[in-house]
Amino acid sequence: MRIVGGNLALDFVNTRSGPPDGPPDDDILHRYDDVIAWARWIGLLTDTAAAQLRRQGQADAIAAQAAYRRALDVRDRLDELFRSVATGHTPTGRLLAAFRDDAAEALAHAEIRADDGGFRWHWADHRDLRQPLWPIVHTAATLLTTGPLDRLKGCAGCRFLFLDESKNRSRRWCSMEDCGTAAKIHRYVARRASARARTAAS
Ligand SMILES: [Zn+2]
């Protein structure tokens with residue numbers, strides 16, 4: 001599991017992988033427990049909160065399935081939203097309205113806490129199985145309204161989205177170790193093939 005988005009909402013979108021164009025071909029979220037495991041892994045939940053949500057999910061399979069479906073719906077919207085912005089398109093009014101409802105639900109469950117001389121939104125109620133989604137949605141809303149959207153990009157080699165924090169905004173790949181290396185190998189093989197073709201022709 002690679003965490004390369006530079007933003008919680010983009011990392012959530014990146015729980016599906018596949019080619020840059022076309023539908024995803026892999027997904028790490030197969031059930032509600034996977035959502036909890038991912039949220040714990042990325043640091044969104046403490047061990048205690050994750051254990052509590054997992055227990056509740058196991059006690060109420062129907063609610064867990066509903067929360068899982070909701071997570072997938074939210075992810076679909078974030079995916080469509082940020083992918084269209086990354087490619088220079090304006091999201092549809094229908095999509096923005098649906099996302100607005102997600103963001104409103106997230107804030108409706110938040111509290112404001114004093115923190116480090118300032119204040120921040122906080123989601124402490126772990127009795128609702130949708131709880132991990134709210135900070136993700138809120139992060140998405142903040143990214144959408146305050147940016148930096150000019151740094152939002154899609155990987156040239158896969159469907160991952162990321163914020164390009166490089167100084168000259170030259171990052172093309174989700175990570176140099178994966179797609180960057182694959183592209184370099186591809187170019188190397190192509191160069192070798194054309195060099196061989198030239199040698200054969202001379
Ligand atoms: Zn990639």
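Everything discussed here concerns the structure shown above.
Each value, and the rule that gives it
- Residues numbered from 1 in each chain as written.
- Predicted model: local features only at pLDDT ≥ 70, side-chain atom pairs only at ≥ 80, totals over all residues.
- Heavy atoms only, no water.
- Patch = residues over 30% accessible without salt bridge, like charges linked within 9 Å, V, L, I, M, F, W, Y side chains within 5 Å.
- Areas by Shrake-Rupley, 256 points an atom, 1.4 Å probe, with all protein chains shown as cover.
- Salt bridge = Lys/Arg side-chain N within 4 Å of Asp/Glu carboxyl O.
- Lys, Arg positive; Asp, Glu negative; His and termini not counted.
- Charge placed at Lys NZ, Arg CZ, Asp CG, Glu CD.
- Helix = DSSP H or I, 4+ residues; strand = E, 2+ residues; numbered from the N terminus.
- Buried < 20%, exposed > 50% of the residue type's maximum accessible area, 1.4 Å probe, protein only.
- Donors = N, O, S within 2.8 Å, 3.2 Å for Na, K, Ca; no water.
- Axes fitted to C-alpha atoms, helices over the stretch in contact; angles between N-to-C directions.
- Parallel < 35°, antiparallel > 145°, perpendicular 65-115°, else oblique.
- Left-handed = near helix turned anticlockwise from the far one by under 90°.
- Contact = heavy atoms within 4.5 Å.
- Nonpolar A, V, L, I, M, F, W, Y, C, P; charged D, E, K, R; others polar.

A. Representation of a positive patch on the surface within the structure. A cluster of basic residues, Arg172, Lys184, Arg187 and Arg191, forms a positive patch on the protein surface. Here Arg187 lies in helix α7 (residues 176-201). Its relative accessible area of 41% is what places Arg187 among the partly exposed residues.

B. Looking closely at the coordination of the zinc ion. Around the zinc ion, the protein contributes the donor atoms Cys155 (SG), Cys158 (SG), Cys174 (SG) and Cys179 (SG), at 2.3 Å from the metal centre. Mapped onto the sequence, the donors of the zinc ion take the spacing C-x2-C-x15-C-x4-C. Here Cys155 is found in the loop between β5 (152-154) and β6 (161-163), whereas its partner Cys179 is found in helix α7, with 24 residues between them in sequence. Per residue, the accessibility class of Cys155 equals that of Cys179, and both read buried.

C. Examining unusual backbone geometry more closely. Cis geometry is adopted by the peptide bond preceding Pro148, which originates at Gly147 and carries an omega value of 10 degrees. Checked against the element boundaries, Pro148 lands in the loop between α6 (133-146) and β5. Positive phi, normally seen in glycine, also occurs at Arg169, with a value near 50 degrees. Positionally, Arg169 belongs in the loop between β6 and α7. Residue classification places Arg169 among the partly exposed positions, given a relative accessible area of 38%.

D. Expanded view of the packing of helix α4 (residues 61-86) against α6. For the pair α4 and α6, interaxial distance at closest approach is 11 Å and the crossing angle is 15 degrees. Relative to α6, the element α4 lies roughly parallel. In this structure, α4 meets α6 at a crossing whose hand is left-handed. Across the interface between the two elements, Ala67, Arg70, Ala71, Val74, Leu78, Leu81, Phe82 and Val85 of α4 pack against Leu133, Ile136, Val137, Ala140, Leu143 and Leu144 of α6. Each residue belonging to the contact of α4 with α6 can be placed in one class, and the counts come to 13 nonpolar, no polar and one charged.

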